[in-house]
Amino acid sequence: MDDVLTRAARDPVGALRERAEASGRELGLAFSSYFPLEVADAFDLEGAWLPNLTAPDYPAADAEFQTFVCNPVRAAVEVVLSEGLPLGLLATTTGCDARLAMGGVFREERVPVPTVMLRLPVAVGTPASLRQAERALWAFCDEAREALGHGLDEDLLREACAARQTVRERVTDLLDRMGDSVPAVRAYRAALASQVLAPGVVLDALDSAPRDDGSIARGVRVLVSASSLPSLQTIEDLESLGAVVVADDTCTGTRAASRRVTPGDDLLAAVARSLVERPSHGPVMVEPGRARVDRVVALARRREARAAVFLRHKFCDPHAFEVPVLRRALEEAGIACLDLEVDREPGLTPRDRMRVETLLEGLA
Ligand code: SF4
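Residues numbered from 1 in each chain as written. Predicted model: local features only at pLDDT ≥ 70, side-chain atom pairs only at ≥ 80, totals over all residues.

**A closer look at the overall build of the protein chain**
For step 1, the next point in the chain: When helices and strands are counted, the protein chain shows 16 helices and eight strands.
For step 2, the next point in the chain: Here the C-alpha radius of gyration of the protein chain, 19 Å, is about what a compact globule of 364 residues would show, namely 21 Å.
For step 3, the next point in the chain: Projecting the C-alpha coordinates of the protein chain onto the three principal axes gives extents of approximately 60 × 45 × 40 Å.
For step 4, the next point in the chain: Burial statistics for the protein chain: of 364 residues in total, 49% are counted as buried. (Helix = DSSP H or I, 4+ residues; strand = E, 2+ residues; numbered from the N terminus. Rg over C-alpha atoms; globule rule 2.2 N^0.38 Å. Buried ≥ 20, exposed ≤ 12 C-beta atoms within 10 Å, placed from the backbone.)

What follows is the structure, encoded as structure tokens:
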């Protein structure tokens, strides 16, 4: 049954198409781990995030964007403009400039699907940020109701919150055991598949996976840090060179999976709270003091990582600005660092493979 997860992780667009065909429902497609998919589910859509995809060129998106737009956004726009997916709603979010531009492109290109933006706070850790998250989610739901002609279904929301939380807990558990009792590829496969498959399908696949988790890579224990994971191939490439990925600091992995909803009388407010109080944020969400830096260092130490590899998407300012700060803190903690710029390649480039080999040889 792991094959279901593998197929979805390697061909997310195919998996999304099959999912919509099987259910007869349209997709509620989002592009950021900050969009709570249970809300799309509650509008009777098949809620999904689009993982990063790679291709040599994106004819439709390249016509819309300047050259300096990161691959995750360019690839997502290409999918929307050219794949003909059965879409019911496009859910964009605030955050970095690249994501912010997506709605404008969809409108400019007259994509015949409602595009609604969730306007998240820019900083977390204050009562004001919680109020802003609640207001943003209510506003999103109002706008989606107007666009779709029907409101959010409370029962569907409750059901989706529970199912998606169970998936996030399972993915967290896999990520926490990476490199020790779970191969990293398996953990990332589950994380990627959970973005595009229905929660029930992911849970069935995880439940029926063989007890034997497959072989664990041996080598230098490494933390991986990125916006979204470039591809499953990147993890396979790192491990083929002698790394064993033991810690994750990506939106594809820990940052998305760490969110928890504490159900209460007002479930939508609880979802809003889960967005700002998620234990692990990326650099697009400003946290008080050194919270993010200290958390990444603590994660690397807890998982006994000896090196950190930054998989930094080309043209990604939020991550480019924070890499020197993270790097300094990690190196002070005795953790070697390597900053790799990734773009449209399916895996590591020959040059980057060499740089990884040099790093690992120095630590062997
Ligand atoms: S955070 Fe960086 S990689 Fe992610 S969408 Fe924004 S610019 Fe692109």
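Moving on, there is more to tell.
**Regarding unusual backbone geometry**
Glycine aside, residues mostly have negative phi angles, and peptide bonds mostly take the trans form.
For step 1, the next point in the chain: Unusually for a residue other than glycine, D44 sits at a positive phi of about 65 degrees.
For step 2, the next point in the chain: Position of D44 among the secondary structure elements: in the loop between α3 (37-42) and β2 (46-49).
For step 3, the next point in the chain: Taking the C-beta count within 10 Å as the criterion, D44 has 16 such neighbours and is therefore assigned partly exposed.

**A look at the sheet that holds strand β8 (residues 336-342)**
For step 1, the next point in the chain: One open sheet accounts for four strands, arranged β6-β5-β7-β8; its pairing is parallel. Because the sheet does not close on itself, it has two edges, and the strands there are β6 (243-249) and β8. For this sheet the average axis-to-axis angle between neighbouring strands, irrespective of direction, equals 25 degrees.
For step 2, the next point in the chain: Note: strand β5 (residues 220-226) against strand β7 (residues 307-313), five bridges, orientation parallel. The partner of V222 across the bridge, within β7, is A307.
For step 3, the next point in the chain: Where helix α16 (residues 350-363) meets the sheet, its contacts fall on β5, β6, β7 and β8, and the angle it forms with β8 comes to roughly 175 degrees. (Pairing = 2+ DSSP bridges. Axes fitted to C-alpha atoms, helices over the stretch in contact; angles between N-to-C directions. Contact = placed C-beta atoms within 7 Å.)

**Here we look at the site of the ligand**
For step 1, the next point in the chain: As a structural note, the neighbourhood of the ligand is formed by C70, P72, V73, C96, A98, R99, S227, V284, H313, C316, P318 and H319.
For step 2, the next point in the chain: When residues of the shell around the ligand are traced back to their parent elements, those giving at least two are α5 (71-82), α6 (97-108) and α15 (317-332).
For step 3, the next point in the chain: Residues from two domains meet in the shell around the ligand; each of domain 1 (2-155) and domain 2 (217-363) gives at least three. (Near = placed C-beta within 6 Å. Domains from an automatic or database assignment.)

**Let's talk about the domain arrangement of the protein chain**
For step 1, the next point in the chain: Taken domain by domain, the protein chain consists of domain 1 (2-155) and domain 2 (217-363).
For step 2, the next point in the chain: On a C-alpha basis, the centroid separation for the pair domain 1 and domain 2 is 23 Å.
For step 3, the next point in the chain: Contacts between the two partners involve 32 residues from domain 1 and, on the opposite side, 33 residues from domain 2.
For step 4, the next point in the chain: Breaking the side of domain 1 that touches domain 2 down by element, the ones donating at least two residues are α1 (2-10), α3, α5 and α7 (127-148).
For step 5, the next point in the chain: By residue number, the principal contributor to the side of domain 1 that touches domain 2 is α7, which donates seven residues.
For step 6, the next point in the chain: When its residues are assigned to classes, the side of domain 1 that touches domain 2 shows 22 nonpolar, seven polar and three charged. (Nonpolar A, V, L, I, M, F, W, Y, C, P; charged D, E, K, R; others polar.)

**Notes on the environment of H313**
For step 1, the next point in the chain: For H313, the position within the fold is in strand β7.
For step 2, the next point in the chain: On the basis of neighbour counts, which here come to 23 C-beta atoms within 10 Å, the residue H313 falls in the buried class.
For step 3, the next point in the chain: Expressed as a C-alpha distance, the spacing of H313 and A247, which sit 66 residues apart in the sequence, is 19 Å.
For step 4, the next point in the chain: Not counting chain neighbours up to four residues away, the residues in contact with H313 comprise C70, N71, P72, S227, H319 and V342.

**A look at the nonpolar core**
For step 1, the next point in the chain: Membership of the largest hydrophobic core comes to 118 residues, with the highest contact counts inside it found for V222, V245 and A308.
For step 2, the next point in the chain: Tallying contributions element by element places helix α9 (residues 184-196) first for this core, with eight residues.
For step 3, the next point in the chain: Lining this core are residues from two domains, each supplying at least three of them: domain 1 (2-155) and domain 2 (217-363).
For step 4, the next point in the chain: Sequence-distant contacts of V245, defined by excluding residues within four places in its chain, comprise M178, G179, A184, V222, V224, I235, L238 and E239. (Core = buried A, V, L, I, M, F, W, Y, C linked by C-beta atoms within 7 Å.)

**Some points on the packing of α5 against α6**
Each pair of packed helices gets described by two things: the angle between the helix axes and the distance between those axes.
For step 1, the next point in the chain: Two elements in contact, α5 and α6, have axes separated by 10 Å at closest approach and are oriented at 20 degrees. As summarised for this structure, α5 and α6 are arranged roughly parallel, according to the angle between their axes. Crossing geometry of α5 relative to α6 is assigned as right-handed. Residue-level contacts link V73, V77 and V80 of α5 to A98, R99, M102, V105 and F106 of α6.
For step 2, the next point in the chain: Here the contact of α5 with α6 is composed, by residue class, of seven nonpolar, no polar and one charged. (Parallel < 35°, antiparallel > 145°, perpendicular 65-115°, else oblique. Left-handed = near helix turned anticlockwise from the far one by under 90°.)

**Focus: helix α11 (residues 232-240)**
For step 1, the next point in the chain: Along α11, the residues classified as buried are L232, T234, I235, D237, L238 and E239.
For step 2, the next point in the chain: Among the residues trailing α11, G242 stands out with phi positive, at a value near 115 degrees.

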